[in-house]
Amino acid sequence: MNVRWYQRLLFTLYEVLIFQAQFAWGNKNFREIEKRVLDNIIGPGRYDSRIRPHGVNETDGPAEVKVNIYIRSISKIDDVVMEYSVQMTFRESWRDERLMFDDMKGQMTYLTLTDPDKIWKPDLFFANEKEGHFHKIIMPNVLLRIYPNGKVLYSIRISLVLACPMDLKYYPLDKQTCSIIMASYGYTTEDLTFEWKEGDPVQVSKNIHLPRFTLEKYLTNYCTSKTNTGEYSCLKVDLVFKRQFSYYLIQIYIPGCMLVIVSWVSFWLDQNAIPARVSLGVTTLLTMATQTSGINASLPPVSYTKAIDVWTGVCLTFVFGALLEFALVNYASRSQLRQAPKSQRKWDVERSMGIDPDHVEDGATTFAMKPLVHHSGGVYNEKLRQCEVHMQPSKTINPIKDWLNKFPTRSKRIDVMSRILFPLMFALFNLVYWSTYLLRHEEM
């Protein structure tokens with residue numbers, strides 16, 4: 001029993017050793033076949049990388065290159081220099097009949113070439129590139145595959161800093177379109193054409209998170225251009241970014257609105273509290289001016305008015321208006337103090353002339369016509385009463401004027417009117433501002 005068991009064990013070990021030997025020998029032969037195929041198609045004197053491949057169906061037409069990109073990350077979008085950084089995997093595929101080989105009945109699906117410089121590649125460049133570099137850690141991030149039918153797949157990982165011209169008229173309620181423009185540098189459309197790969201030519205990573213923007217959508221397009229040297233094929237990707245408004249609402253709009261409201265506190269302070277009202281007005285004005293300067297420092301100097309400029313400008317105007325209102329109140333108060341002695345002197349003159357200043361009543365105005373020379377006697381007084389002229393009050397009643405007459409001084413009336421007019425005007429401005437820019441923002 002033990003002998004048979006040892007015999008079976010030895011036979012099983014023998015089969016395993018034979019199988020491993022065959023597998024190792026087969027892999028060795030397969031790698032040797034790959035080497036012979038590569039030497040046969042791109043060996044010395046067999047392939048010229050300076051010559052472009054033929055067109056479709058091996059005609060003399062332009063070579064067609066299919067392009068697709070995978071956007072891995074977008075690190076920043078700079079409003080000041082108007083640029084953005086993107087990292088992508090860029091892929092091109094074309095057919096080169098000179099690279100066709102036998103697939104050994106499906107056993108060899110493709111060949112991997114570690115030296116891309118040995119074959120012809122399209123001369124594509126990024127038209128709006130400012131800076132760029134390849135990734136070479138740990139090894140160069142380059143992939144080149146050759147399929148049995150001569151199809152070539154070229155993939156490379158690159159990082160780019162691209163120009164992005166921006167229209168900041170609706171900042172910060174704006175949307176910006178940043179493009180990736182790819183074109184042929186030397187081959188005209190008679191020799192080379194670029195086309196988007198059918199079905200999802202642009203792929204975007206789901207892990208893209210920008211601090212101030214949201215990638216709303218992306219569009220592919222063609223941008224073939226004509227120059228003095230010919231017509232060149234061009235591809236374009238438009239990335240539409242929507243600016244996140246919550247940051248600006250918390251950092252700019254709410255503080256600005258609070259500063260305007262704080263400046264209205266001076267309307268409720270006593271007109272004689274000069275230090276308090278001046279300090280409040282100057283402090284809010286300087287704070288609003290500092291906030292405006294900080295906003296403009298983070299934006300490029302442009303020749304047109306931005307939405308944020310309208311907001312800060314109007315808020316600054318309201319704060320400055322509150323300070324001017326106190327100057328007007330102070331002037332009215334001092335004028336009233338100067339006019340008080342004059343009124344007293346006028347009253348004394350009227351009394352000396354025999355005119356009773358207390359004869360003016362509410363509801364009717366009475367003028368007593370008295371001579372310059374005083375006469376005594378009841379007959380004269382009776383005739384004088386007969387010469388009195390009575391004027392009936394006007395039938396029209398102005399409720400606003402009656403309400404303002406409740407306040408004794410003109411300076412107090414100015415403060416009371418400011419308490420109503422300033423909030424109403426600011427509310428009206430907010431209604432026009434938000435309805436204009438928010439509706440325009442939704443239409444973009």
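What comes next is a walk through the structure. It should be emphasised that the depicted structure is a prediction, and the values quoted were computed from it without experimental measurement.

Some words on the packing of aromatic side chains
- Within this structure, the stated rule accounts for 27 aromatic pairs.
- Here Tyr-170 and Tyr-437 contribute two aromatic rings whose centre-to-centre distance is 6.0 Å and whose plane-to-plane angle is 75 degrees, an arrangement assigned as edge-to-face. Of this pair, Tyr-170 sits in the loop between strand S7 (151-163) and strand S8 (175-184) while Tyr-437 sits in helix H7 (residues 410-443), and the two are 267 residues apart along the sequence.
- Summarising the aromatic geometry, the rings of Tyr-253 and Trp-311 are spaced 5.0 Å apart at their centres and angled 55 degrees between planes, so their arrangement reads as tilted. Of this pair, Tyr-253 sits in helix H2 (residues 245-263) while Trp-311 sits in helix H4 (residues 307-352), and the two are 58 residues apart along the sequence. An identical accessibility class is assigned to Tyr-253 and Trp-311; each is buried.
- Here the guanidinium or amino end of Lys-151 rests over the ring plane of Tyr-147, the centre of that ring lying 6.0 Å away.
- Over the aromatic face of Tyr-304 sits the side chain of Lys-169, whose NZ or CZ is 5.9 Å from the ring centroid.

Quick notes on helix H3 (residues 274-297)
- For H3, spanning 24 residues, the distance from its first C-alpha to its last is 35 Å, which sits close to the expected 34 Å at 1.5 Å a residue.
- Listed as buried for H3 are Arg-277, Leu-280, Gly-281, Thr-284, Met-288, Gln-291, Thr-292 and Ile-295.

Section: the environment of Cys-164
- Among the secondary structure elements, Cys-164 is positioned in the loop between S7 and S8.
- Judged by its relative accessible area of 1%, Cys-164 is buried.
- Here the alpha-carbon distance between Cys-164 and Ile-180, two residues 16 residues apart in the chain, equals 9.1 Å.
- Leaving out residues up to four positions away in the same chain, Cys-164 has contacts with Met-82, Glu-83, Tyr-84, Thr-177 and Cys-178.

Thoughts on the nonpolar core
- Counting residues in hydrophobic clusters, the biggest one holds 78 residues, and the most contacted among them are Ile-74, Tyr-84, Phe-90, Ile-180 and Met-182.
- Other than its neighbours up to four places away in sequence, Met-182 contacts Val-67, Ile-69, Phe-90, Leu-124, Phe-125, Phe-126, Trp-196, Ser-233, Cys-234, Leu-235 and Val-237.

The rules we used
Residues numbered from 1 in each chain as written. Predicted model: local features only at pLDDT ≥ 70, side-chain atom pairs only at ≥ 80, totals over all residues. Heavy atoms only, no water. Phe/Tyr/Trp six-rings, centres within 6.5 Å; stacked < 30°, edge-to-face > 60°. Helix = DSSP H or I, 4+ residues; strand = E, 2+ residues; numbered from the N terminus. Buried < 20%, exposed > 50% of the residue type's maximum accessible area, 1.4 Å probe, protein only. Lys NZ or Arg CZ within 6 Å of the ring centre and 35° of its normal. Expected span 1.5 Å × (residues − 1). Contact = heavy atoms within 4.5 Å. Core = buried A, V, L, I, M, F, W, Y, C linked by side-chain atoms within 4.5 Å.

Function cannot be inferred from these measures alone, as they are strictly geometric.
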